[in-house]
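# Descriptive analysis of the structure
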Amino acid sequence: MMLKPRMELGQHIRDCDSELFLIHTTDTPQTPPHSPRSTLAMPSELSFAVFKGSEAGKVVQSISTRERLLPDEVLLKVTHSGVCGTDVHFKSKDIVLGHEGVGIIEQIGSGVKAFSVGDRAGFGFLQNACENCAQCRASDEIYCHSRQIYGLGILDQGSFATYSIQKAAFIFPIPSKLDSAYAAPLMCAGATVFNALFTGNVRPADRVGVIGVGGLGHLAIQFAAKMGCEVTVFSSSDSKKQEALQLGATEFYATRGMKTLEGAKEINHLLVTTSAQPDWDLYIPIMAPRGTIFPLSVSQENLVVPYMPLVVGGLRIQGSLVCSRGVHSKMLEFAATQGIKPFVETFDMSVEGIEQAFERMEQGKLRYRAVLVAKQ
Ligand SMILES: NC(=O)c1ccc[n+]([C@@H]2O[C@H](COP(=O)([O-])OP(=O)(O)OC[C@H]3O[C@@H](n4cnc5c(N)ncnc54)[C@H](OP(=O)(O)O)[C@@H]3O)[C@@H](O)[C@H]2O)c1
Ligand SMILES: [Zn+2]
Ligand SMILES: [Zn+2]
């Protein structure tokens, strides 16, 4: 086992059956000069198992090590993590995967006031921001130029992990009504779709369209329906129709092979949650005048849309990311009070479990979010 030589220095192995689940805190006795020998304990190293992407696109187990917590950080024992479509895009990168984490705080830095050891908290896509630029001062820190976000910011911490070190200012208390397995998918999928609806000024009785019934899409249907909107769902086949209606949709279209959606009611706000860009020619004609399209899919392709319908219909295309912290907190409260609950399939927090979850997601079999669950 790694780190064995230091075990006698105070290493705690919390799950003895597996080297996956270890946290290593070394107590170094401090002896100030000219004083009797002191036993002041100084935690001096944190090491724990994490799951990373790799060049071959395979998930690998690794170890993240930090000398100690910074004053503004917390150490969470990860209990649950959602698996987002964006994780698939990072499978071939040498980074710790996962950005839909929920866990229990086990240590706090010396400057952390808002959380205590034992608290349950979640963390997501936004890891850090400067707190001082125009965007941060306007509570719009997701667009901070100095932000640190999943895949581009802090690369040795994530939610596919046994533990995770996060900035305390960027984690969220989980409302008691939300089970951790259901809270995890809200940390990115929920945050992304709620942000489009909430900051997009969606109002009751507006008609919301959702393209794609996956992790994001099945939450978008629920949020929009609970906000009092009429929800039309566009999915590639009929296979998700019953569940989409159960989640709150009032209209459903199976779109594979369709050349027109003539007859569909006009859409005021269209959330695009597919894993690739849709056929824009199909959707632009059903947009209501002054309607807004929110392309949420991650895609490296250019956006090519019919031009004149945009001009004459006064349409908007509004890019959108996950939310800033204020909106994220509102999203969690809204989900808790309105009973919004992801449909989850659970997998082990292990290389095998993560690979299985990716496979089901890439084969389009998931209903509708994979959640990795840590061993007890
Ligand atoms: N903007 C942001 O901040 C943000 C945040 C999170 C995720 N994302 C992105 O949002 C997208 C969806 O993420 P997710 O986690 O919801 O993924 P997901 O669970 O895999 O859902 C994607 C859905 O897209 C449809 N789909 C699958 N393959 C497709 C293909 N080749 N072409 C078109 N549609 C396809 C399927 O819906 P149907 O079976 O109903 O057709 C599927 O359920 C991803 O691109 C992800 O990277 C963006
Ligand atoms: Zn900033
Ligand atoms: Zn995500």
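Reading the values: rules and limits
- Residues numbered from 1 in each chain as written.
- Chains lettered and ligands numbered in written order.
- Predicted model: local features only at pLDDT ≥ 70, side-chain atom pairs only at ≥ 80, totals over all residues.
- Core = buried A, V, L, I, M, F, W, Y, C linked by C-beta atoms within 7 Å.
- Buried ≥ 20, exposed ≤ 12 C-beta atoms within 10 Å, placed from the backbone.
- Domains from an automatic or database assignment.
- Contact = placed C-beta atoms within 7 Å.
- Helix = DSSP H or I, 4+ residues; strand = E, 2+ residues; numbered from the N terminus.
- Expected span 1.5 Å × (residues − 1).
- Arc of directions from axis to C-beta.
- Near = placed C-beta within 6 Å.
- Nonpolar A, V, L, I, M, F, W, Y, C, P; charged D, E, K, R; others polar.
- Pairing = 2+ DSSP bridges.
- Right-handed = clockwise from strand over helix to strand, strands pointing away.

### So, the nonpolar core
Judged by nonpolar contacts, the single largest core of 102 residues is most densely connected at V193, A224 and L271. The residue makeup of this core includes at least three contributed by each of domain 1 (4-188 + 324-373) and domain 2 (192-317). Beyond its immediate stretch of four places on either side in the chain, L271 contacts V193, A196, V208, G209, V210, A220, F294 and L296.

### Here's the deal with helix 10 (residues 351-362)
A rise of 1.5 Å per residue sets the reference length of helix 10, with its 12 residues, at 16 Å; its end C-alpha atoms lie 16 Å apart and thus fit the reference within 8%. Those residues of helix 10 not exposed but buried are G353, I354, A357, F358 and M361. Looking straight down helix 10, one finds its buried side chains confined to an arc of 135 degrees; they lie on one side. Residues of helix 10 that are exposed and angled more than 90 degrees away from the buried face: E352 and E359. Buried residues in helix 10 make contact with strand 3 (46-52), strand 5 (73-83), helix 1 (85-89), strand 18 (344-348) and strand 19 (369-373).

### What to know about the environment of Y253
Secondary-structure assignment places Y253 in strand 14 (residues 251-254). The spacing of Y253 and S236 is 17 residues in sequence and 8.1 Å in space, taken between C-alpha atoms. Residues within four places of Y253 in sequence aside, it is in contact with F234, L261 and A264.

### Some details on the site of ligand 1
Neighbouring ligand 1 are 28 residues; G85, G214, S235, S236 and T274 lie closest to it. Counting only elements with at least two residues in the shell around ligand 1, the list comes to helix 1, helix 4 (189-199) and helix 5 (215-226). Taken together, the residues of the shell around ligand 1 sort by class into 11 nonpolar, 16 polar and one charged. A domain split of the shell around ligand 1 shows at least three residues from each of domain 1 (4-188 + 324-373) and domain 2 (192-317).

### Considerations on the pairing of strand 18
Relative to strand 19, strand 18 runs parallel, the two sharing five bridges. Looking at the pairing, T346 lines up with V371 of strand 19. The β-α-β motif built from strand 18, the intervening helix 10 and the parallel element strand 19 has right-handed crossover chirality.

### Some remarks on the pairing of strand 12 (residues 207-211)
Most of strand 12 is tucked away, with five of its five residues classed as buried. In terms of strand pairing, strand 12 meets strand 13 (residues 230-235) through five bridges, oriented parallel. Bridging from a neighbouring strand, R207 pairs with E230 of strand 13. Between strand 12 and its parallel partner strand 13, the chain crosses via helix 5, and the hand of that crossover is right-handed. Strand direction decides the pairing type here: strand 12 and strand 15 (residues 267-272), joined by four bridges, are parallel. Bridge assignment links G209 to a residue of strand 15, and that residue is L270.

### Examining the environment of E251
Relative to the elements of secondary structure, E251 occurs in strand 14. Judged by the 15 C-beta atoms lying within 10 Å of it, E251 is partly exposed. It is 4.6 Å that separates the C-alpha atoms of E251 and T232, two residues lying 19 residues apart in sequence. Beyond its immediate chain neighbours, meaning those up to four positions away, E251 contacts T232, A264 and K265.

Function cannot be inferred from these measures alone, as they are strictly geometric.
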